[in-house]
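Here is what each chain is made of, one letter per residue.
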Amino acid sequence: MSILIKDTTREERERIVSEALGNSYGGCDDCMPGLAEMYQQYIDGKKELKEINMEFNSHYVSGSDGPDRSGCSFY
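Counting restarts for each chain: residues are numbered from 1 in the order of the written sequence. Per-residue local features are limited, in this predicted model, to residues with pLDDT of at least 70; the limit for side-chain atom pairs, both in listing and counting, is 80 or more; totals at the level of whole chains, interfaces and linings are taken over all residues. As a rule here, side-chain values cover all heavy atoms of the structure and leave hydrogens and water aside.

A. View of the overall build of the chain. The secondary structure listing takes helices from DSSP runs of H or I that are at least 4 residues long and strands from runs of E that are at least 2 residues long, numbered from the N terminus. Scanning the chain from terminus to terminus reveals four helices and zero strands. Helices (α) and strands (β) of the chain occur, in sequence order from the N terminus, as α-α-α-α. Using a 1.4 Å probe on the protein chains alone, a residue whose accessible area is under 20% of its type maximum counts as buried, one over 50% counts as exposed, and one in between counts as partly exposed. In the chain, buried positions account for 17% of the 75 residues. In the chain, of all internal contacts separated by at least 6 residues, the share reaching a separation of at least 24 is 43%. Working rule for contacts: check all heavy atoms of both residues, and any pair within 4.5 Å makes them a contact.

Below, the structure written as structure tokens:
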């Protein structure tokens, strides 16, 4: 089964995201509400899951949203 936008309906994409996120998508005690919002562009048919995940990972790996370091932490 393909999860590409061109091969799915909006309802199928909502189900895919819901099943992938499990309880966090349902807002279980406000756990990770931003995570479900992150995939809204996929549900709306604007971005593929791969694109969204790559963008998220690039921010995480680059540390662009994290604190700045001013030297090696080993010294």
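B. The side chain of T8, seen in detail. Here T8 shows up in the segment before α1 (10-21). T8 gets classed as buried once you look at its relative accessible area, which sits at 11%. Polar contacts, as counted here, are pairs of nitrogen or oxygen atoms within 3.5 Å of one another; within protein the pair requires one atom able to donate a hydrogen and one able to accept it, and residues that are adjacent in sequence qualify only if both atoms are side-chain atoms. Of the polar contacts made by the side chain of T8, one reaches the backbone oxygen of L4; its length is 3.0 Å.

C. Structural detail: the nonpolar core. What makes a nonpolar core is a set of buried Ala, Val, Leu, Ile, Met, Phe, Trp, Tyr and Cys residues whose side-chain atoms join them at distances within 4.5 Å. In terms of nonpolar packing, the biggest core is built from ten residues, these being I5, I16, V17, L21, A36, Y39, Y42, I43, L49 and I52. Every element with two or more residues in this core is listed here: α1, α3 (40-43) and α4 (49-62). A total of three residues in this core trace back to one element, the largest contributor, which is α1.

D. Main features of the environment of L21. Note that L21 resides in helix α1. In this structure L21 comes out as buried when scored by relative accessible area, which is 17%. For the pair L21 and A36, spaced 15 residues apart in sequence, the C-alpha separation works out to 7.5 Å. Residue contacts for L21: discarding those within four places in its chain leaves L35, A36 and Y39.

E. Looking closely at the pattern of salt bridges. By salt bridge we mean one thing: a side-chain nitrogen of Lys or Arg within 4 Å of a carboxyl oxygen of Asp or Glu. The full count for this structure, using the stated rule, is four salt bridges. The partner of R10 in a salt bridge is E14, with the nearest N and O atoms 3.5 Å apart. Of this pair, R10 and E14 are both found in helix α1, four residues apart, which corresponds to roughly one turn of the helix. The exposure class of R10 is partly exposed, given its relative accessible area of 35%.

F. Structural view of the environment of R13. Its location among the elements puts R13 in helix α1. When the C-alpha atoms of R13 and Y42 are compared, they prove to be 7.2 Å apart, with 29 residues separating the residues in sequence. Beyond its immediate sequence surroundings of up to four residues, R13 is in contact with I5, T8, Y42, I43, D44 and G45. Reaching out from R13, the side chain makes a polar contact with the backbone oxygen of I5 at a distance of 3.5 Å.

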